[in-house]
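Observations on chain architecture
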Amino acid sequence: MSLSMRAAVPAALTACLLLAAPGAHAQECAALADVKGGQLPDGRLVLPVTVEGRALYFLLDTGGIATTIKWELARGMNLPATQAARPLNGVGGAVLNFVVTGEEFSIGGLKVENKPIYLETRPLRTDGTLSADILNAYDVEIDLARYRVKLMASGDCAAPDGADAVAIDIAPDGAHKGHVRFPVKIDGLTVMATLDTGATSSVIGMRAAAALGVYPDSPKLDLRRTRGNDRLYSYPFQTLQIGEVTVERPRITIASDNFLPGSNSDLILGIDALAGMKLTIAYGHNRLYLESQQRP
């Protein structure tokens, strides 16, 4: 898989080049939190957080419904658990229905209060996940090349300076507040995608794949594995266009439609398609800014 830049933004995308000159911000925008994290072997970003004074590492998960902490870790820390007022259904049939509340939680120097943290029973390589239920209160800059995340007050600070950034309008998601949805193109055809930094690769449902001309009897469709009642396939898609960035030979898994419960998008856009990019999510203005860059 490789990346290339295109000369023009595809007309079907609601994207535009930012022509702001350096220093165009009317004010200095101080970060409320500025943290340096690390990277898992699969490319996903992990960030340092603090829960009840204990230093932990959470997976950055923009596609997650709620912030979570491992069940066994919460029990070892003696965090009191209660039944969740709203059980959550996750990918692959997972159910989250217990929470810890009222605990001290901070990202860098930023304290987050009165947010329920769901108990995570799924296997994780990290201590928990940092998801859209907390992130959507801020403007969030994600530098995947430098493993760095900044949280800024929601407002005009999110727009990057310079002409290399591309802005894409985010479509509202009534089902999951804070999910980042926008149009992309797969092999020249437009689909709606949800940005999911917690996913190792991208996933599209079988119904959406059919709209792209891929059917259960397509000769190039390859069954990779079966998980319960779900089947996961690979298919040799040629291009994935995200704004001006084109991903050649993207790794997109085709899954049974019930594998992605409640999703309002055709495609879950995973971390492998975003390698080396800087993303700025302006939740307050429903806009995503993309900058392609190389690792330092």
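Owing to the predicted nature of the structure, the values given are computational and were not obtained by experimental measurement. (Residues numbered from 1 in each chain as written. Predicted model: local features only at pLDDT ≥ 70, side-chain atom pairs only at ≥ 80, totals over all residues. Heavy atoms only, no water.)

A few words on the pattern of salt bridges. If you walk through the whole model with that rule in mind, you get 8 salt bridges. Between Arg287 and Asp169 there is a salt bridge, with its nearest N and O atoms 2.9 Å apart. Taken as a pair, Arg287 in strand E27 (residues 287–292) and Asp169 in strand E16 (residues 166–169) lie far apart in primary sequence, 118 residues in all. The exposure class assigned to Arg287 is partly exposed, which follows from its relative accessible area of 25%. (Salt bridge = Lys/Arg side-chain N within 4 Å of Asp/Glu carboxyl O. Helix = DSSP H or I, 4+ residues; strand = E, 2+ residues; numbered from the N terminus. Buried < 20%, exposed > 50% of the residue type's maximum accessible area, 1.4 Å probe, protein only.)

With that settled, consider the pairing of strand E18 (residues 189–195). Pairing analysis gives 6 bridges linking strand E17 (residues 181–186) to E18, with the strands arranged antiparallel. If you follow Val184 over to E18, its bridge partner there is Val191. (Pairing = 2+ DSSP bridges.)

Here we come to unusual backbone geometry. Excluding glycine, residues mostly have negative phi values, and the peptide bonds linking residues are mostly trans. A positive phi angle, near 60 degrees, is found at Asn78, a position not held by glycine. Residues other than glycine seldom take positive phi values, yet Tyr147 does so here, at roughly 55 degrees. Positionally, Tyr147 belongs in the loop between strand E14 (138–143) and strand E15 (148–153). Residue classification places Tyr147 among the partly exposed residues on the basis of a relative accessible area of 24%.

This part is about the side chain of Ser131. Take Ser131: it is sitting in strand E13 (residues 128–131). Overall, Ser131 belongs to the buried group, its relative accessible area being 0%. Excluding its chain neighbours within four sequence positions, the residues that come into contact with Ser131 are Asp61, Gly64, Ala66 and Thr67. (Contact = heavy atoms within 4.5 Å.)

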